[in-house]
Amino acid sequence: MCLPKRVSGSAIQSVATAVGNLLCFNFGILFGITPAHMSLYESDQRTPLNTVTDPTGTALLTGYLFLSAAVGAAVSGCLALRIGPKSVLLCSGLLQIFSWFTIHFGFDIVHIYASRMFGGVAAGAALVVLPIFINEIADTREKAARLTFTMELWRTLGILLGFVLGFYLPYDYVNVVGCLLSCVFSLCFPFVQESPHYYMRKGNLQALEKSLRWYRGIRDIDDREKPEYLQELAEFKAEMKGEGKGIGSEHYSRSYIIRLIGVSFLLTICAKLSGVFVELNYAADFLGRTGYTIEMNYVVLSISQCVGACFARLVGPKMPRKVLLCLSSLLAALPVIALAFFKQFHESWALGIWCERYLPIILLATQLFFVSFGLYPLAAVVSSEVLPTKLHDLLYSLASGVAWLLLFGMIEAFNAVKSPIGPGLVLYLWVFAAASIFVGLISLPLLPETRNRRPSSVQRELGYVGQEGVAKVASAINGHISSSI
C-alpha cells in the first residue's frame, strides 16, 4: 500500500485500526438487528421466511450468535500467534460476508441460524484479535489505549445502527448494508501490514523491518537513520535472539504472574457479564410497558451506550486506569440494584405515574452508560498492560471464550427463569450488579496502575526483582519495546 511521505506513523496506526474496527461495527449491526427481527420472524403477515417461527426458535438466534462467538474467541488467540492477527481478522471479514449473504438469501429459520453462527465466529475472533493487533502496532501504550477506547465506540455505534436499521429499514436493505461494510473491510484491510511482533515471533527480520517502517511512517531512506527507529529495531532484534524461551513470564515473579492471570481472567469475564448484551437483547422484557415504545426503548438504550463510549474515548485515556475501572464498575452496579428493588417493590412505593413509567429506562440507560464508559473497554486495556504479550493473547482469548459461553447459558435460560411477577428478571439484575461490584472491589487492591508509567516501574510494583538485582535485558512486551527492569 503506497502512502505519501508526509503521513505520520500515528496516522497510519489510526487508519489501520479504523479499517479493522469495521468488524466490530458490523458485529454491532448484526447483534442489533437480532432482537429487532425476532418479532418479524414470528409474525404471520410480515415474516420473510417460508414458515413462521415461534418464540423458542427466535430465542436461539442470539444463543447461536454467542455460542459461536465463544468458539471464535477461544481459538483466535492461538491462531493470531500462528498465522498473525491480520490473517485472523481477514478470515473474520470473509465469515461476516457469508453471514450477511446467508441472511439475504435464506428462506428458513435454519438459514438464519447459520448466519448467526458465521457472524458469531467472526465477531468472537475479531473482538479478541483486534485489541491484540492494536496493542502490537501502536508505538506507545497510551496510543494503544486510545485506539482500544475507539474500538468500543465503534462497537456501540454498530449496535445503535443495527437497532435503527432493524426497526426502521426494510428487511432486505439491512442485509445489503451489512454485506457492503464487510466487503469494504475485506477490500481495504489486505493492504494493511501485518504486525511487526508477528514477524519477530517467526524470526523474519526482513518482513519485520518492512512492517515496522510502515507503522512508524518511515517512507524515505534517510528516515531509516532516525535514532528512535534504529533503537526500536535493535530491541526487536535483541528480542528475536531470546525467542523460544516460553511465553514471557520469565521476566516476572511467578507468584505475581499467577495473581495477574487470575485477576485479568476474572476482569474479562465480569466485563461481559455486566449485563450489556443480555439487557439489550431482552430490553422489552426488562422494561415491560415502561418507557417509550419498544423500538424507541432499544434505540435509547443503545444511544446511552454510545454516549458512554464517546466520553470514554475523550477522557478515559487521561484518567488513572484503576480509578476509572473502580468508579465505572461501582457506578454501573448502583442503577441495576435500584432497578432490582424497583421491580420487586414498586407496587408499594407510590412513586407516581411518571416515575413508574420512565424510571426503569433511566436506570437501565445509566447502567449501560457507565459500563461503556470504563468497565467494558478497560477489561482489554488493563490486561494488555500488566501481562506479557504472548501470555495476554492466550489468556484474553480463553477468558473471552468462557465469557461468551456463560452469556449463551444466560440467554438460553432467560425464558425459563422469567415469569409475570419478575423474580427471574430480578435474579439477572443481581447477577449483573454482582459482576460489576466484583470488578470494582478487585481493581484497587490487586491491579497496578499502568497509565503513564514505564513497564519497569509496573514490574517493580508487581514485586519483580531479577536474580542479579535489576534485569538489563531489552524486550518487547505488551506490544511495545521496553527495558525489563
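Details of the structure are given in the entry above.
Right, let's walk through the structure included here. (Residues numbered from 1 in each chain as written. Predicted model: local features only at pLDDT ≥ 70, side-chain atom pairs only at ≥ 80, totals over all residues. Heavy atoms only, no water.)

1. A few points about the overall build of the protein chain
Selection criterion: Numbering of helices and strands runs from the N terminus, with a helix taken as a DSSP run of H or I at least four residues long and a strand as a DSSP run of E at least two residues long. Type-normalised accessible area, obtained with a 1.4 Å probe on protein chains alone, sets the label of each residue: buried when under 20%, exposed when over 50%, and partly exposed for intermediate values. Contacts were defined at the residue level, with two residues in contact if any of their heavy atoms lie within 4.5 Å.
When you go through the protein chain residue by residue, the secondary structure sums to 18 helices and two strands. Out of the 485 residues in the protein chain, the part that is buried amounts to 58%. Within the protein chain, counting contacts between residues at least 6 apart in sequence, those at least 24 apart form 82% of the total.

2. Digging into the packing of aromatic side chains
Operational definition: Think of it this way: a Phe, Tyr or Trp ring, Trp meaning its six-membered ring, pairs with another when their centres are within 6.5 Å, and the plane angle makes it stacked under 30 degrees, edge-to-face over 60, tilted otherwise. Charge-over-ring contacts are defined here by two conditions on Lys NZ or Arg CZ: a distance within 6 Å of the ring centre and an angle within 35 degrees of the ring normal.
Per the stated rule, a full pass over the model turns up 35 aromatic pairs. Their ring planes at 45° and their centres at 5.3 Å tell us that F66 and W404 sit as a pair that is tilted. A residue pair is termed long-range when its members are at least 10 positions apart, and F66 in helix α2 (residues 55-83) and W404 in helix α16 (residues 389-417) qualify at 338 residues. Joined through ring pairs, the aromatic side chains of F27, F31, F66, F277, Y376 and W404 make up one cluster. For R155, the ring lying beneath its charged end belongs to Y376, and the centroid distance is 4.4 Å.

3. Re a nonpolar patch on the surface
As a reminder, the rule being used: Patches draw on residues past 30% relative accessible area with no salt bridge. Two like charges within 9 Å are joined, as are two nonpolar side chains (Val, Leu, Ile, Met, Phe, Trp, Tyr) within 5 Å. Working definition of accessibility: Shrake-Rupley area with a 1.4 Å probe, residue cover restricted to the visible protein chains. For salt bridges, the criterion is a side-chain nitrogen of Lys or Arg within 4 Å of an Asp or Glu carboxyl oxygen.
Among the surface-exposed residues, I303, V307, F311, L314 and V315 lie close enough to one another that they form a single nonpolar patch of about 390 Å² accessible area. Position of I303 among the secondary structure elements: in helix α13 (residues 294-315).

4. A look at the nonpolar core
Keep this limit in mind: Here, the term nonpolar core denotes a set of buried Ala, Val, Leu, Ile, Met, Phe, Trp, Tyr and Cys residues that are joined through side-chain atoms within 4.5 Å.
One finds L89, V278, F286, L301 and W404 to be the most contacted residues of the largest nonpolar core, which totals 125 residues. For this core, the element with the most residues is helix α15 (residues 353-386), which contributes 16 residues. Counting residues in hydrophobic clusters, the runner-up holds eleven residues, among them Y199, L208, L233 and M240.

5. Some thoughts on the environment of F236
Topologically, F236 is positioned in helix α9 (residues 227-241). In this structure F236 comes out as buried when scored by relative accessible area, which is 1%.

6. Side note on the pattern of salt bridges
Following the criterion strictly, the structure yields five salt bridges and no others. E152 serves as the salt-bridge partner of R155, at 2.7 Å between the closest nitrogen and oxygen. With R155 and E152 both in helix α5 (residues 141-168) and three residues apart, the pair spans about one turn of that helix. Assigned by exposure class, R155 and E152 land together as buried.

7. So, the environment of L327
Structurally, the position occupied by L327 is in helix α14 (residues 321-345). Taking relative accessible area as the criterion, L327 reaches 44% and is therefore assigned partly exposed. As a C-alpha pair, L327 and S443 span 116 residues in sequence and 9.9 Å in three-dimensional space.

8. Details of the packing of helix α4 (residues 109-137) against α16
The condition that has to hold: Simply put, an axis is a line fit to the C-alpha atoms, just over the touching stretch for a helix, and the angle between two N-to-C directions goes from 0 to 180 degrees. Here roughly perpendicular refers to angles of 65 to 115 degrees, roughly parallel to angles under 35, roughly antiparallel to angles over 145, and oblique to all remaining angles. Throughout, a crossing is termed right-handed when the near helix is turned clockwise from the far one, and left-handed when it is turned anticlockwise from it by less than a right angle.
Put simply, α4 and α16 touch, their axes get as near as 10 Å, and they point 160° apart. Taken together, the axes of α4 and α16 lie roughly antiparallel to each other. For the pair α4 and α16, the crossing hand works out as right-handed. In contact with G124, L127, V128, P131, I132 and E136 of α4, α16 contributes T389, H392, D393, Y396, S397, S400 and W404.

9. What about the packing of α2 against α4?
This is how it is decided: Each residue receives one of three labels: charged for Asp, Glu, Lys and Arg, nonpolar for Ala, Val, Leu, Ile, Met, Phe, Trp, Tyr, Cys and Pro, and polar for the others, Gly being one of them.
Running from amino to carboxyl end, α2 crosses α4 at an angle of 35°, the nearest separation of the two axes being 6 Å. For the pair α2 and α4, the sense of crossing is right-handed. On α4, the residues that touch G57, T58, L60, L61, Y64, L65, S68, A69, G72, A73, S76 and A80 of α2 are I109, I112, Y113, R116, M117, G119, G120, V121, G124, A125, V128 and V129. A class-by-class count of the residues in the contact of α2 with α4 yields 15 nonpolar, eight polar and one charged.

10. A few points about the side chain of R321
Applied cut-off: For this analysis, a polar contact is any N or O atom pair within 3.5 Å, provided that within protein one partner can donate a hydrogen and the other can accept it, and provided that sequence-adjacent residues contribute only side-chain to side-chain pairs.
The topology assignment puts R321 in helix α14. Overall, R321 belongs to the buried group, its relative accessible area being 2%. At 3.2 Å, the side chain of R321 and the side chain of E142 are in polar contact. With sequence-adjacent residues up to four places away left out, R321 is seen in contact with E142, A145, G316, L378, V381, V382, E385, E449, T450 and R451.

11. Side note on helix α6 (residues 171-188)
The cut-off we apply is this: For a helix, the expected span equals 1.5 Å multiplied by the residue count minus one. Starting at the helix axis, one direction is taken to each C-beta atom, and the arc is that of these directions.
Taking 1.5 Å per residue, 18 residues should reach 26 Å; α6 reaches 27 Å between its end C-alpha atoms and fits that length. Turning to α6, its buried residues are Y171, V174, N175, G178, C179, L181, S182, F185 and S186. Take α6 and look down its axis: the buried residues cluster within an arc of 155°, on one side only. Opposite the buried face of α6, by more than 90 degrees, sit the exposed residues Y173, L180 and L187.

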